[in-house]
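Listed here are the chains, written in short residue letters.
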Amino acid sequence: MPFALLDLLAHAAVPLKLTLKVALTATAGACLTGIGAGYALSRRGLPGREVLDSICTLPLVLPPTVIGYYLLVVFGRRGIVGQWLEETFDVSLVFTWQGAALAASVVAFPLVCKAARTAFEGVDTGLENAARTLGAGEGRVFLRVSLPLAWRGIVAGTMLALARAMGEFGATLMLAGNLPGRTQTLSLAVYEAVQAGREDEAAFLVALTSLVCIVLLLSSGKLLNRNIS
């Protein structure tokens, strides 16, 4: 039994390491874009705010394979951006871990955006206006007032995004494929193990992925509860 467990751990080490690299990179990208989008959507004077919010939420409700198709159209070798990247920088995102990170980032983006919007809308506008009255520009108001007061909600959304990025499957498979050691994350490794009939390996990978995601969700829940209270 100990030898079997060690063997399972050895098989899980590579996809686990790749999953963490992909998920952390994806979450960083989702944070950079999601916080900015959430802040913009929290401003009541933004034209077409609810339409833009719906567009930002699309990756949360669309089937992952549809998102993967869109990504292929844009970032594939013949895509609008993908062809430019390959011709200009000799860079291709298809069948790479960077492509997997991009797919996971797009899927995780709405979780950060929604949490950031809610957190920024909960900030006392009187404090922001007071900072403006004292001569602070919009950038300084954001960094010195809005962001510090909204950080708990943003961190909670970031943890949810990290958990989502770790479990991403469909969009990743469409853009990055399922290449062991290169693009095979834990969710893809589970799929391959089930297809190959390696039930013990699949069960172990499922348990490992579930444990990590449960820890992230519990941490996120605690932060949200503190933010509400």
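In what follows, the structure referred to is the one given above.
A few words on unusual backbone geometry. With a phi angle near 55°, Asp90 is a residue other than glycine that sits in the positive phi range. Mapped onto the elements, Asp90 comes out in the loop between α4 (80–89) and α5 (97–121). You can call Asp90 exposed: its relative accessible area is 66%. Positive phi outside glycine occurs at Phe95, with the angle close to 60°. With respect to the element layout, Phe95 can be found in the loop between α4 and α5.

With that out of the way, let us pick up the packing of α5 against helix α7 (residues 138–166). Close contact between α5 and α7 brings their axes to 8 Å; oriented N to C, the two are set at 145°. Crossing geometry of α5 relative to α7 is assigned as right-handed. Judged by residue contacts, Ala104, Val107, Ala108, Leu111, Val112, Ala115, Ala116, Ala119 and Phe120 of α5 engage Phe142, Ser146, Leu147, Ala150, Gly153, Ile154, Gly157, Thr158, Leu160, Ala161, Arg164 and Ala165 from α7. For the contact of α5 with α7, a count of residues per class yields 16 nonpolar, 4 polar and 1 charged.

What follows covers helix α6 (residues 125–133). A side-chain oxygen of the first residue of α6 lies 2.9 Å from the backbone nitrogen of Gly126; this N-cap is Asp124. Following α6 by one or two positions, Gly135 adopts a phi angle in the positive range, close to 100°.

Each full turn of the α-helix corresponds to 3.6 residues, which orients residues three or four apart in the same direction. Compared with the 18 Å implied by 1.5 Å per residue over 13 residues, the 19 Å span of helix α2 (residues 49–61) between its first and last C-alpha is a close match. Along α2, the sharpest change in direction is near 25° and occurs at Ile55; proline Pro59 comes one to four residues later. All of the buried residues in α2 are Arg49, Asp53, Cys56, Thr57 and Pro59.

Ranked by size, the top nonpolar core spans 28 residues in total, and within it Val22, Ile35, Phe120, Ala150, Ile154 and Ala165 carry the most contacts. Contributions of two or more residues to this core are made by α1 (2–42), α5, α7 and α10 (199–228). Leaving out residues up to four positions away in the same chain, Ile35 has contacts with Ala30, Val112, Ala116, Phe120, Phe142 and Ile154.

Now for a nonpolar patch on the surface. Where nonpolar side chains cluster on the molecular surface, the patch consists of Val51, Leu52, Ile55, Leu58, Leu60 and Val61 and spans about 530 Å² of accessible area. Classification of Leu60 by relative accessible area gives partly exposed; the value is 42%.

About the thresholds
- Residues numbered from 1 in each chain as written.
- Predicted model: local features only at pLDDT ≥ 70, side-chain atom pairs only at ≥ 80, totals over all residues.
- Heavy atoms only, no water.
- Helix = DSSP H or I, 4+ residues; strand = E, 2+ residues; numbered from the N terminus.
- Buried < 20%, exposed > 50% of the residue type's maximum accessible area, 1.4 Å probe, protein only.
- Axes fitted to C-alpha atoms, helices over the stretch in contact; angles between N-to-C directions.
- Left-handed = near helix turned anticlockwise from the far one by under 90°.
- Contact = heavy atoms within 4.5 Å.
- Nonpolar A, V, L, I, M, F, W, Y, C, P; charged D, E, K, R; others polar.
- Polar contact = N/O pair within 3.5 Å; in protein donor to acceptor, adjacent residues only side chain to side chain.
- Expected span 1.5 Å × (residues − 1).
- Bend = angle between axes of the 7 residues up to and from the residue.
- Core = buried A, V, L, I, M, F, W, Y, C linked by side-chain atoms within 4.5 Å.
- Patch = residues over 30% accessible without salt bridge, like charges linked within 9 Å, V, L, I, M, F, W, Y side chains within 5 Å.
- Areas by Shrake-Rupley, 256 points an atom, 1.4 Å probe, with all protein chains shown as cover.
- Salt bridge = Lys/Arg side-chain N within 4 Å of Asp/Glu carboxyl O.

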